[in-house]
Amino acid sequence: MCVCVCVGTGPQAALMASGNWLLVGTSLGAVLLALLLLITLYSVGDYVHKWHRLKPIPGVSPTYPILGNALLFKPKGEDFFLQLLESIDQFKDEPLMKVWLGPLPFIVLFHAECVEKILSSSKHLDKSYAYTFLQPWLGTGLLTSTGDKWRRRRKMLTPAFHFSILTEFLEVMNEQTNILLEKLEAKAGKGVFNCFNKITLCALDIICETAMGKKIHAQENSESEYIQAIYRMSDLIQRRQKMPWFWLDFVYNTFGEGKEHNHNLRILHSFTEKVIAERVREMETHVESNHSGFDLDSNSKSKKKRKAFLDLILSVTDENGKKLSHQDIREEVDTIMFEGHDTTAAALNWTLHLLGSHPNVLKKVHKELDDVFGNSDRAVTMEDLKNLHFLQCVIKESLRLFPSVPFFARTLCEDCYIRGFKVPKGVNAIIVPYVLHRDPTYFPEPEEFKPERFLLENSSKLNPYAFIPFSAGIRNCIGQRFAIMEEKVILSTILRRFHVEAKQCREDLVLMGELILRPQNGIWIELHRRK
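Predicted model only: the values in this text are computed from it and were never measured. (Residues numbered from 1 in each chain as written. Predicted model: local features only at pLDDT ≥ 70, side-chain atom pairs only at ≥ 80, totals over all residues. Heavy atoms only, no water.)

**Q** What's the story with the nonpolar core in this structure? I'm lost.
**A** Proteins that are soluble and globular tend to have nonpolar side chains buried together. Ranked by internal contacts, the top residues of the largest apolar core, which has 156 residues, are Ile 107 and Leu 109. With 12 residues, helix α13 (residues 326-357) is the single largest residue contributor to this core. (Core = buried A, V, L, I, M, F, W, Y, C linked by side-chain atoms within 4.5 Å. Buried < 20%, exposed > 50% of the residue type's maximum accessible area, 1.4 Å probe, protein only. Helix = DSSP H or I, 4+ residues; strand = E, 2+ residues; numbered from the N terminus.)

Laid out in structure tokens, this is it:
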């Protein structure tokens, strides 16, 4: 069968063709308009549905349509966190409360049994919408990824945090802590000073060298462009999270702090990409391998090249033998950098403050250190770390009172019941360790600093969801052993040399509950050499 197609020519044909395109364009416009209308109706319908379903749950007021409670929240970290604590205190006898951040509903959880409902589930693994604003920096790495990608990535990276791998990082921790010790030595016996920045720079040096195999000398050069970009980016992200009117990229880039955000983003990504490229080039030219080579930062070429997390990430493969892409690697290195220094630094500072405020507890720590190390100022070994039982209790009690991450959030991936309240799929759950850790049911006299709570005989029956400084359940923090190890090394080294005295009482501390829980005015201490 033959089909003939006649093609016209001339003005009449051109007119017909243009008419056809006009019809196509009109049809396409109508389809797009219909899709936009359907999306709008769905969004409004979903919003109204959640509004009615959440009505029985007690919550913050007044609540306005679309804006929710956003107008009530102050942009500064210290103001916002205090507002959140005041709201929770208002509903402390309730199992949970709700907050509307713009059009997004959040339930706030601060009781162990309610928290367990979310964290123990293999369903509710997705991070909340607020984590979207970390993605320009961290991509969809281990912190921000969801579903199958998160499961695959977690499985691939878990071996990088094995005990035998962590042992290799001990040398870096000791070296950088000795630099910190020199800085503190210059302050000893010379009055009050703020130790917060010094501790933070030490933690940053440690994570940079262990994560990327790169010395950035933060303790010697705190004004470097990369260091400043890390701090500024963290501040910009937490500010944007609380202001729904800046959630759209176009609005944020046009009227908000988008230009500054993008400037810092370029600095952070270019630094990481440069380090990754250098490491790949070294491996390809056999200057270094995963198991041997030279320390490029050493004058001696007889020294074995140290491994970094980056080396391990470059070599890991999935179940199909496939390696991570360049972007995947950058995501994970940036994530380790973001999560691995500020959290530990904050915990170290709070611990020094608490020890300096409780000389009786400090005395017990000193005794344990003397029993383990004697009068030696030698480097800390893995065997030493195993024997510092009371110091570990001190660290845990400090994390109970001042958890490095004061609150975090998940998105519910299916409907669930929490203490009789039905919470629909898609609602965000904010979990607040700062309040959870003060539940007198599990921690009598919750505001008191009592490290003995975490001795084995006292903590063995504790609900595992009552104390969650590193989250809990399937999606707990992959780096928690690294963090505790680092804290033990730094604290044991400082406290073998010095007696610490806090110069702030609890009432003097203004808490800034941002991405990390930190004091607004730093941690002020006085150091004296031990006799």
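**Q** What's the story with the confidence of the model for the protein chain in this structure? I'm lost.
**A** The predicted coordinates of low-pLDDT regions are not to be read in fine detail. Looking at the protein chain, the pLDDT average stands at 86 and 87% of residues meet or exceed 70. The least confident element of the protein chain, judged by mean pLDDT, is helix α1 (residues 11-53) at 59; the most confident is helix α16 (residues 389-401) at 98. Throughout residues 1-9 the model reports pLDDT below 50, and contacts reaching past four residues in sequence, or to other chains, amount to 1 contact. Under a pLDDT of 50 for its full length, residues 287-303 has, in the predicted model, 33 contacts with residues more than four places off or in other chains. (pLDDT = per-residue confidence, 0-100. Contact = heavy atoms within 4.5 Å.)

**Q** Looking at this structure, I do not really get the sheet that holds strand β4 (residues 408-411). What am I missing?
**A** What links the strands of a sheet is backbone hydrogen bonding, and the strands pair in either a parallel or an antiparallel sense. Reading across the sheet, the 4 strands line up as β1-β2-β7-β4 and stay open at both edges, with mixed pairing between neighbours. Each edge of the open sheet is held by one strand with a lone partner, namely β1 (96-101) and β4. Averaged over all pairs of adjacent strands, the angle between strand axes in this sheet comes to 30 degrees, irrespective of strand direction. Examined bridge by bridge, strand β2 (residues 104-109) and strand β7 (residues 428-431) share 4 bridges and lie parallel to one another. Within the sheet, the bridge partner assigned to Val 108 lies in β7 and is Ile 430. (Pairing = 2+ DSSP bridges. Axes fitted to C-alpha atoms, helices over the stretch in contact; angles between N-to-C directions.)

**Q** What am I meant to see in the sheet that holds strand β3 (residues 193-194) here?
**A** As summarised here, the arrangement of the 3 strands in space is β3-β11-β8, forming an open sheet in which the pairing is antiparallel. A strand with exactly one partner marks an edge of an open sheet, and here the two such strands are β3 and β8 (498-502). Pairing between β8 and strand β11 (residues 524-529): 5 bridges, direction antiparallel. Directly across from Ala 502, in β11, lies its bridge partner Ile 525.

**Q** Where do I start with the side chain of Gln 83 in this structure?
**A** Considering the arrangement of structural elements, one finds Gln 83 in helix α2 (residues 77-90). Since its relative accessible area comes to 17%, Gln 83 is described here as buried. Setting aside residues up to four positions removed in sequence, Gln 83 forms contacts with Leu 72, Phe 73 and Lys 74.

**Q** Help me understand α16 in this model?
**A** Working note: α-helix, 3.6 residues per turn, so residues spaced by three or four point in the same direction. With 13 residues, α16 should cover 18 Å at 1.5 Å per step; its first-to-last C-alpha distance of 19 Å lies within 8% of that length. Counting buried residues along α16, 10 of its 13 residues qualify, which places the element largely inside the surrounding structure. Regarding α16, the residues found buried are Phe 390, Leu 391, Cys 393, Val 394, Ile 395, Glu 397, Ser 398, Leu 399, Arg 400 and Leu 401. Buried residues along α16 sit in contact with α13, α14 (359-373), α17 (433-436) and α19 (480-497). (Expected span 1.5 Å × (residues − 1).)

**Q** I tried to follow the pairing of β11 on my own but got confused; where do I start?
**A** In the case of a regular strand, side chains alternate between the two sheet surfaces. One ladder, built from 2 bridges, connects β3 with β11; its direction is antiparallel. In the sheet register, Phe 193 faces β11, and the bridge partner there is Ile 525.

**Q** Help me out: how do you make sense of unusual backbone geometry in this one?
**A** Excluding glycine, residues mostly have negative phi values, and the peptide bonds linking residues are mostly trans. Looking along the chain, the bond that leaves Ser 61 and enters Pro 62 is cis, with omega of 0 degrees. Secondary-structure assignment places Pro 62 in the loop between α1 and α2. The phi angle at His 217 is positive, at roughly 55 degrees, despite the residue not being glycine. Tracing the sequence through the fold places His 217 in the loop between α8 (196-212) and α9 (225-241). The class of His 217 is partly exposed, set by a relative accessible area of 43%. Of note in this structure, Arg 419 is not a glycine but carries a positive phi near 50 degrees. Counting through the fold element by element, Arg 419 comes out in the loop between β5 (416-418) and β6 (421-423). With relative accessibility at 48%, the residue Arg 419 sits in the partly exposed group.

**Q** Is there a simple way to think about α14 in this case?
**A** Here α14 spans 20 Å end to end across 15 residues, near enough to the 21 Å set by a 1.5 Å rise per residue. Listed as buried for α14 are Val 361, Leu 362, Val 365, His 366, Glu 368, Leu 369 and Phe 373. Down the axis of α14, the sector holding all buried residues measures 165 degrees, keeping them to one side. Across α14 from its buried face, at more than 90 degrees, point the exposed residues Asn 360, Lys 363, Lys 367 and Asp 371. Of the surrounding secondary structure, the elements contacted by the buried residues of α14 are α13, α15 (382-387), α16, α19 and β8. Positive phi shows up at Gly 374, right after α14, with a value of about 65 degrees. (Arc of directions from axis to C-beta.)

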